Amino acid sequence: MKKTSSGIEIKEIYTDPSNMAEKAGEFPFTRGVRKDMYRGRLWTMRQYAGFSTAEESNARYHYLLNQGTTGLSVAFDLPTQIGYDSDHAMSEGEVGKVGVAIDSLEDMETLFKGITLENVTTSMTINATASTLLAMYVALAKKQNADLSKIGGTIQNDILKEYAARGTYIYPVRQSMRIITDIFEWCSKELPRWNTISISGYHIREAGSTAAQELAFTLANGKAYAESALAKGLDINVFGKRLSFFFNAHNDFFEEIAKFRAARRIWANIMRDLGATAPEAMMLRFHTQTGGSTLTAQQPENNISRVTIQAMAAVLGGTQSLHTNGFDEALNLPTKKAARTALRTQQIIGFESGITNTVDPLGGSYYVESLTDAIEAEALKLMSQIDQMGGAVSAVENGWIQDQIAYSSYEYQKQVESKEAIVVGVNQFQVEETETMPNFKINDSIRDTQTQKINDLKSCRNEILVTEKLKNLKAACSSDANLMPYILDTVEQYATLGEIADVLRGEFGEYNH
């Protein structure tokens, strides 16, 4: 039994006696995807980490696990994200900078050294090369003699938002969609607990969209992925259960809560209309990250307050997983202290605030319910426009979504410059900055380290087998075969990420916008 500090009993859920349909864990899931929500278990507390070499990132993962993180989230460097090995000319100046450099299965082995994959869930922010990084993770699990049916985690694998907002794409849109549906199909048989996609509004919002646009464009992308899977003959009640989402949490506290509630309702209706009958296939489960673009380099300690507000919005909105940004991330990669403070923010919300004692505590609020309806209506209006263009793929290919985001970003910047929108410490309440923050920068010598690793690897692997497996992958690209088994075969022979991406580039071409 849950009670307040005054001894008042707290019910599992509070409902309007005149509307008994307001329940969590039931269609359309406005109030949450589980009947008891956080009274049953808290959200997964993740801290996004990855930098430099696999060795250094591994040390940070062990630190975070020791501090109480309940799930790992991997950031990859730009060369890894766009399919170049660390020794490639295009990688110069970027190796290990915004994430960890992963060139081969050998690096993946080092990244998770001392970590049993059956005992953690891992989220990987990777898109164009998601198939290869997933194959490396599976190959490592097999080397650990893990039961693949127990391996849980998520790959972002959301390429449509890359074309619209983020830019780490490689192949043309429709060839990328083929790889994604291949992953859906393969994981449904080989990796049943794995979330095969994290359909991401986060980067759409970071690029400057409004909350309603974030919701509309993300769910339109989700609908496109579901339709693509259906066109391939996949069962919506199977693949639908493994679709997940990734949203941003910004500073407009009540709008963010309403956005999350509306997202569940809209998605449930989309999946039902596409033919889903299993409740789990209609549930929108999502990870949240606090808003990176809201962090300021000025008075960076203020970011702790921003992150707290955003994290509370995510929890009150019913998130299943949460990452809180470090207060120093507008300046550099988060220091250990900043990462720990961000994690402690989640822990204080989870264990001290009382927010988790009942389901959807703001349900029934006149304001929140009205906002939920309003943001749903605005998102549906935008999605209707996308449908009239032929769906999200067409709306991305013709640049409409990109233009909408750019216009919203421009309008917001004008509001900041005119002080119609106040950013504390930036355009109002400024102080003279005298304090120097601890600096966390990555050394350019990382590229030399990674290049030496690649050279050593190539000198001892079986080149005949590597060549054979890459040829098999190339042939599969020209057929209707699922590509995942071929990618896994190449990875297990220690083919590099760049070698695999080059085969796919050669067969599919590259996206030119």
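Basis of the calculations
- Residues numbered from 1 in each chain as written.
- Predicted model: local features only at pLDDT ≥ 70, side-chain atom pairs only at ≥ 80, totals over all residues.
- Heavy atoms only, no water.
- Buried < 20%, exposed > 50% of the residue type's maximum accessible area, 1.4 Å probe, protein only.
- Helix = DSSP H or I, 4+ residues; strand = E, 2+ residues; numbered from the N terminus.
- Pairing = 2+ DSSP bridges.
- Right-handed = clockwise from strand over helix to strand, strands pointing away.
- Salt bridge = Lys/Arg side-chain N within 4 Å of Asp/Glu carboxyl O.
- Phe/Tyr/Trp six-rings, centres within 6.5 Å; stacked < 30°, edge-to-face > 60°.
- Lys NZ or Arg CZ within 6 Å of the ring centre and 35° of its normal.

1. Section: the pairing of strand E6 (residues 152-155)
Okay, so step 1: Side-chain alternation along E6 places Gly152 and Thr154 on one buried face and Gly153 and Ile155 on a second face that is also buried.
Okay, so step 2: One ladder, built from four bridges, connects strand E5 (residues 121-125) with E6; its direction is parallel. Note that in E6 the partner of Thr121 across the bridge is Gly152.
Okay, so step 3: Note on the crossover from E5 through helix H4 (residues 130-143) to E6: the handedness is right-handed.
Okay, so step 4: Looking at chain direction, E6 and strand E7 (residues 194-195) are connected through two bridges and run parallel. Residue pairing for E7: Thr154 is matched across the bridge by Asn195.

2. Quick word on the pattern of salt bridges
Pairing between side chains of opposite charge can happen when the charged atoms of each approach one another.
Okay, so step 1: On inspection of all chains with the given rule, the structure shows 29 salt bridges.
Okay, so step 2: Measuring nitrogen to oxygen at the nearest pair gives 2.6 Å for the salt bridge that ties Lys161 to Glu162. Of the two residues examined, Lys161 and Glu162, each falls in the buried class.
Okay, so step 3: Where Asp360 meets Arg261, a salt bridge forms, and the shortest distance between an N and an O atom there is 2.9 Å. Highlighted residues: Asp360 in the loop between helix H13 (336-351) and helix H14 (366-388) and Arg261 in helix H10 (residues 253-273), separated in sequence by 99 residues. In this pair, the class of Asp360 matches that of Arg261, namely buried.

3. What to know about the packing of aromatic side chains
Okay, so step 1: Across all of its chains, the model carries 19 aromatic pairs by this definition.
Okay, so step 2: Each ring, one from Tyr202 and one from Phe246, has its centre 5.0 Å from the other, and the planes form 5 degrees; the classification is stacked. Here Tyr202, found in helix H7 (residues 202-206), pairs with Phe246, found in strand E9 (residues 243-249); they are 44 residues apart in sequence, far enough to count as distant.
Okay, so step 3: For Phe246, a relative accessible area of 4% gives the class buried.
Okay, so step 4: The ring of Tyr63 carries Lys336 above its face, with NZ or CZ at 4.8 Å from the centroid.
Okay, so step 5: Over the ring of Tyr84 we find Arg505, and its NZ or CZ is 4.3 Å from the ring centre.

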